[in-house]
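# Reading the structure
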Amino acid sequence: MVTEAGTTTERRGYFGAYGGQYASELLIDVLNAIETAFLEACRDPGFQSRLRDLLQHYVGRPTPIYRAGRLSERLGIALYLKREDLAHTGAHKINNALGQVLLAERMGRRRIIAETGAGMHGVATATAAAMLGLECIVYMGSEDIRRQNANVQRMRLLGAEVRAVDTGSKTLKDAINEAMRDWAANVDTTFYVFGTVAGPHPFPLMVREFQSVIGREARLQMLEMAGSLPSHVVACVGGGSNAMGIFVGFLEDASVRLIGVEAGGHGLATGEHAATLVAGTVGVLHGARTYVLQTLDGQIRETHSISAGLDYPGVGPEHSALKDSGRAHYVTVTDQEALEAFQTLARFEGILPALEPSHALAWILREASSLKESCVLMNLSGRGDKDMPTVLRALGME
Ligand SMILES: *Cc1c(COP(=O)(O)O)cnc(C)c1O
């Protein structure tokens, strides 16, 4: 299951110059124990068949790809959507949460903690923990609790405890800090289910592997349905897990252009954005060397995005390596463009997307004239229910 695809590890835990394990001494042993358990699980046919069985019968995999017919015709391209919005709990997050919670159970850890931004990773983790009968605590910034209230209620109904984090910008990065603190204090009983391909080794590798099911399925589905590989694969990038999950299926296909779309917020010039790869510099955040949005003296900058799931000042280290090597290209769209793309998908295809993948679609809409005749595969990473209040407010439709 662990592929050495593309840019992976010359040094253990590194993707080129990025990654590593810049973690507190308290955590190094447990990170190494997780790495060992993960690599064993990858080689264990019993673990793999249980995961495969749950992905099929519980999550609903494989998720389909759908040819967006009306939109394709309008844009003059062939547009295919990988429907992660149809996975159980409504986003790609469940692929990773389920894998890690199964690993926690295998390691005998019955207390699960997680961080969440938009709440989708929290919901996915609470779901997997409920299904396996494990205790679950989710750290969430109080600003995110305010803007993603429906997901807070979902987590509570699933039996998880949601702990509000009131420090810093009260968003995802602060929730991660708090979860790390909890973990360091409770390493012997607790498994930290990390939600994206960032963080210290082995999380970037492990999360990518659990999400790689997206790209493996999508590659086969494109060959079957379109009769060829796509010319472009497009995904939004917050921490980078849905993008890495689909990119990894096409890394070796040199003809396929990989495009990651970051949150341009109010516009790069305003400084109010979350465009880590496009506008950041190299630093260390949450245990990994990677691109970071930071001040000249290394303080983490405040970020902004209309989409809570993209509102993060770091990014997975493998994306940093893919940016430097040029194998993937990273771009931004603004809040406004994402909102317009949201409405376009709703009206043309009858799909309400999450605001995160609306960013990916917004880039496709903007570039449509230069993409004429191409075959574009977009990762529709999640559904829009959680974003209804935000969208209605932004459109003045409350
Ligand atoms: C969390 C989330 C994202 C952003 O996270 P990545 O790790 O970058 O994938 C994107 N889309 C949806 C629907 C999400 O819930």
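Refer to the structure above for everything that follows.
Let us look at the structure shown here. (Residues numbered from 1 in each chain as written. Predicted model: local features only at pLDDT ≥ 70, side-chain atom pairs only at ≥ 80, totals over all residues. Heavy atoms only, no water.)

Let us look at the sheet that holds strand 3 (residues 65–67). Strand order in the open sheet made by the six strands is 3-4-14-9-10-13, with mixed pairing throughout. Of all the strands in the sheet, just strand 3 and strand 13 (328–333) have a single pairing partner and so form its edges. Sheet twist, expressed as the average angle between the axes of neighbouring strands with direction ignored, equals 25°. The sheet contacts of helix 14 (residues 355–367) involve strand 4 (78–83), strand 9 (232–236), strand 10 (257–263), strand 13 and strand 14 (375–380), and relative to strand 9 the element is tilted by about 140°. (Pairing = 2+ DSSP bridges. Helix = DSSP H or I, 4+ residues; strand = E, 2+ residues; numbered from the N terminus. Axes fitted to C-alpha atoms, helices over the stretch in contact; angles between N-to-C directions. Contact = heavy atoms within 4.5 Å.)

Tallied over the full model, the rule gives three cavities of 30 Å³ or more. A volume near 340 Å³ is recorded for the largest cavity. As for the largest cavity, its lining consists of 33 residues, and the residues nearest its centre are His 92, Lys 93, Gly 239, Gly 309 and Glu 356. Those elements that provide at least two residues to the lining of the largest cavity are strand 5 (111–116), helix 5 (120–132), helix 8 (172–185), helix 10 (241–247) and helix 14. A per-class count over the lining of the largest cavity returns 12 nonpolar, 16 polar and five charged. Of the domains in this structure, domain 1 (18–56 + 93–203) and domain 2 (60–90 + 212–394) are the two that each give at least three residues to the lining of the largest cavity. (1 Å grid on protein atoms, 1.4 Å probe; cavity = no way out; pocket = protein on both sides within 12 Å on 5 of 7 lines; lining within 4 Å. Points joined across faces, edges and corners; volume = space filled by probe spheres on them. Nonpolar A, V, L, I, M, F, W, Y, C, P; charged D, E, K, R; others polar. Domains from an automatic or database assignment.)

Once the charged atoms of two side chains with opposite charge are near each other, the side chains can pair. Per the counting criterion, the structure on display carries 23 salt bridges. For Asp 144, the salt bridge identified is with Arg 147, shortest N-O distance 3.0 Å. Within this pair, Asp 144 and its partner Arg 147 are both found in helix 6 (residues 142–147), separated by three residues, close to a single helical turn. With a relative accessible area of 14%, Arg 147 lands in the buried category. The residue Arg 181 makes a salt bridge to Glu 178 at a minimum N-O spacing of 2.5 Å. Here Arg 181 pairs with Glu 178, and both are found in helix 8, just three residues apart, close to one helical turn. For Glu 178, a relative accessible area of 24% gives the class partly exposed. (Salt bridge = Lys/Arg side-chain N within 4 Å of Asp/Glu carboxyl O. Buried < 20%, exposed > 50% of the residue type's maximum accessible area, 1.4 Å probe, protein only.)

Time to look at the site of the ligand. Around the ligand, the structure places 16 residues, and the nearest of them are Lys 93, Thr 196, Gly 240, Ser 241 and Ser 381. Thr 196 is positioned with one of its side-chain polar atoms (N or O) 2.6 Å from an oxygen atom of the ligand. Ser 241 places a polar side-chain atom, nitrogen or oxygen, 2.7 Å from an oxygen atom of the ligand. Of the residues that make up the shell around the ligand, three or more belong to each of domain 1 (18–56 + 93–203) and domain 2 (60–90 + 212–394). (Near = heavy atom within 4 Å. Polar contact = N/O pair within 3.5 Å; in protein donor to acceptor, adjacent residues only side chain to side chain.)

We now examine the nonpolar core. Among the nonpolar cores identified, the biggest contains 59 residues, and Leu 98, Leu 103, Trp 183 and Tyr 192 are the most heavily contacted of them. In terms of residues, this core owes the most to one element, helix 1 (residues 25–43), which gives eight residues. Per-domain counts for this core show at least three residues from each of domain 1 (18–56 + 93–203) and domain 2 (60–90 + 212–394). With near-sequence residues (within four places) excluded, Tyr 192 lies in contact with Gln 100, Ile 113, Ala 114, Glu 115, Ile 176, Ala 179, Met 180, Trp 183 and Phe 203. One finds Leu 258, Val 315, Ala 321 and Leu 377 within the second-largest nonpolar core, a separate group that totals 32 residues. (Core = buried A, V, L, I, M, F, W, Y, C linked by side-chain atoms within 4.5 Å.)

A few words now on helix 5. In this model helix 5 runs 18 Å from its N-terminal to its C-terminal C-alpha over 13 residues, within 8% of the 18 Å that 1.5 Å per residue would give. Of all 13 residues that make up helix 5, 11 are buried, and the element is covered over most of its length. Those residues of helix 5 not exposed but buried are Met 120, His 121, Gly 122, Val 123, Ala 124, Thr 125, Ala 126, Thr 127, Ala 128, Ala 129 and Leu 132. Residues of helix 5 that are buried in the fold lie against helix 2 (45–59), helix 4 (93–106), strand 5, strand 6 (135–141), helix 7 (149–157) and strand 8 (190–193). A positive phi of about 70° marks Gly 133, the residue just after helix 5. (Expected span 1.5 Å × (residues − 1).)

What follows covers the environment of Gln 153. Counting through the fold element by element, Gln 153 comes out in helix 7. A relative accessible area of 30% places Gln 153 in the partly exposed class.

Below, the discussion takes up the state of the cysteines. Applying the stated criterion to the full structure yields zero disulfides. The structure places no disulfide on Cys 375, whose sulfur is separated from the nearest cysteine sulfur, that of Cys 236, by 19 Å. (Disulfide = S-S within 2.5 Å.)

Turning our attention to the sheet that holds strand 7 (residues 161–165). On the basis of which strands lie adjacent, the open sheet formed by four strands has the order 7-6-5-8 and parallel pairing. With one partner strand each, in any of the chains shown, strand 7 and strand 8 form the two edges of the open sheet. Across the sheet, the axes of successive neighbouring strands diverge by a mean angle of 25°, strand direction being ignored. Here strand 6 runs beside strand 7; their pairing, made up of five bridges, is parallel. Bridging from a neighbouring strand, Gly 141 pairs with Val 165 of strand 7.

Under the defined criterion, the tally for this structure stands at seven aromatic pairs. Ring centres of Phe 38 and Phe 210 lie 5.6 Å apart, and the angle between their planes is 75°; this geometry places the pair in the edge-to-face category. Of the two residues, Phe 38 sits in helix 1 while Phe 210 sits in helix 9 (residues 203–225), which places them 172 residues apart along the sequence. Residue classification places Phe 210 among the buried positions, given a relative accessible area of 3%. Geometry around Tyr 291 places Lys 323 over its ring, the cationic atom sitting 5.1 Å from the centre. (Phe/Tyr/Trp six-rings, centres within 6.5 Å; stacked < 30°, edge-to-face > 60°. Lys NZ or Arg CZ within 6 Å of the ring centre and 35° of its normal.)

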